[in-house]
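# Geometric and topological summary
In case you want the letters, here they are:
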Amino acid sequence: MILIVEDDVRLNQALCRLFAGAGYMVTGAHSIKEALLISGAALVIIDIGLPDGDGFALCRQIRRTGSTPVIFLTARDDERDMIQAFDCGADDYLVKPFPLAVLLKHAQAVLRRARQEDLELFCYEELRIDFARKQVKCNGTKVRLTPKEYGLLELLARNKGKVITKQMMLEQLWDETGAFVEENTVNVALSRLKKKIEADPSHPVYIKNVFGLGYTLGES
Ligand code: CA
């Protein structure tokens, strides 16, 4: 759903029609107060001048709770406003008047980027993996992994809920058919990885042994 926060009633309606016509679910709000009552937006389009405050305050509020993309719409073409918009977490900025078709293209580009970023982020329980940066956090703390440990974790995470056999791990990460690398090599890397991310490696929450078959992370 796209949330339009614009106090100009006619412009708000025109924007709602624009997005509805392009096949999006859309909701209009005319103030910060109204906007804050609506949750679950995939994109928020915000006018800077609103009756109960400026759009920057709303954007900061949105940033505090998540990474929902924000596009600012404004009649102001002041450089300081543009900079402030990005400083408070905006993804894009359009100065009125603008052709509606251009706003639609900006919105689609922002949504596309947001989807790609989502695909690059893995979340399960308290485990967070940023595939793009190869960073792992567990319970909010950064976990330092060796390239092999990270590779194992990424392989399991990208195949969430599926059983990954040791043979598959060997083939993917040791670049071997498995014939010459001892299975023990995988066991050692797995047990080190578990020690780093599991609170109690003997009762794992993340990397679970599927007896006789292999390992799995999370539910499918
Ligand atoms: Ca306004």
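Computed from a prediction, not measured in an experiment: that's the story for all the values here. (Residues numbered from 1 in each chain as written. Predicted model: local features only at pLDDT ≥ 70, side-chain atom pairs only at ≥ 80, totals over all residues. Heavy atoms only, no water.)

### Some words on the overall build of the chain
If you tally the helices and strands in the chain, you get eight helices and 13 strands. By the compact-globule yardstick of 17 Å for 220 residues, the chain is too spread out, its C-alpha radius of gyration being 23 Å. Taking the principal axes of the C-alpha coordinates as reference, the chain spans close to 70 × 30 × 30 Å. Residues classed as buried in the chain amount to 40% of the 220 residues present. Summarising the internal contacts of the chain: among those between residues at least 6 apart in sequence, 50% fall at separations of at least 24. A total accessible area of about 12600 Å² is found for the chain, and carbon and sulfur atoms account for 51% of it. Charge separation in the chain, taken as the distance between the mean sites of 29 positive and 30 negative side-chain charges, equals 2 Å. (Helix = DSSP H or I, 4+ residues; strand = E, 2+ residues; numbered from the N terminus. Rg over C-alpha atoms; globule rule 2.2 N^0.38 Å. Buried < 20%, exposed > 50% of the residue type's maximum accessible area, 1.4 Å probe, protein only. Contact = heavy atoms within 4.5 Å. Areas by Shrake-Rupley, 256 points an atom, 1.4 Å probe, with all protein chains shown as cover. Lys, Arg positive; Asp, Glu negative; His and termini not counted. Charge placed at Lys NZ, Arg CZ, Asp CG, Glu CD.)

### A word on the coordination of the calcium ion
For the calcium ion, the full set of protein donor atoms is Asp7 (OD), Asp47 (OD) and Gly49 (O), and the range of their distances to it is 2.1 to 2.4 Å. All donors to the calcium ion come from one chain, and their sequence spacing reads D-x39-D-x1-G. Residue Asp7 is located in the loop between strand E1 (2-5) and helix H1 (9-21), and its partner Gly49 is located in strand E4 (residues 49-50); the two are separated by 42 residues in the primary sequence. (Donors = N, O, S within 2.8 Å, 3.2 Å for Na, K, Ca; no water.)

### Things to note about the packing of aromatic side chains
Applying the stated rule across the entire model yields five aromatic pairs. Between Phe122 and Phe131, the ring centres sit 6.4 Å apart and the planes meet at 45 degrees, which makes this aromatic pair tilted. Both residues of the pair, Phe122 and Phe131, count as buried. A centroid spacing of 6.2 Å and a plane angle of 75 degrees characterise the contact between Tyr124 and Tyr206, whose relative ring orientation is edge-to-face. Of the two residues, Tyr124 is situated in strand E8 (residues 121-124) and Tyr206 in the loop between helix H8 (183-197) and strand E12 (207-210); the sequence distance between them amounts to 82 residues. (Phe/Tyr/Trp six-rings, centres within 6.5 Å; stacked < 30°, edge-to-face > 60°.)

### Quick look at the sheet that holds strand E11 (residues 141-143)
Spatial ordering of the open sheet is given by E8-E9-E10-E11, a layout of four strands whose pairing is antiparallel. Two strands lie at the open edges of the sheet, namely E8 and E11, each paired on one side alone. Neighbour to neighbour, the strand axes of the sheet diverge by 25 degrees on average, direction disregarded. In terms of strand pairing, strand E9 (residues 127-130) meets strand E10 (residues 135-138) through four bridges, oriented antiparallel. Looking at the pairing, Leu127 lines up with Cys138 of E10. Relative to E9, helix H6 (residues 147-158) is tilted by about 100 degrees, and along the sheet it contacts E8, E9 and E10. (Pairing = 2+ DSSP bridges. Axes fitted to C-alpha atoms, helices over the stretch in contact; angles between N-to-C directions.)

### So, the sheet that holds E1
If you walk across this open sheet you meet the five strands as E2-E1-E3-E6-E7, and the pairing is parallel. Of all the strands in the sheet, just strand E2 (26-29) and strand E7 (92-95) have a single pairing partner and so form its edges. Each neighbouring strand pair of the sheet contributes to a mean axis angle of 15 degrees, computed without reference to strand direction. Two strands pair when backbone bridges link them, and E1 and E2 are joined in this way by four bridges, in the parallel orientation. When the sheet's bridge partners are listed, Ile4 is paired in E2 with Gly28. With respect to the sheet, H1 is in contact with E1, E2, strand E3 (43-47) and strand E6 (70-74), its orientation differing from that of E2 by roughly 170 degrees.

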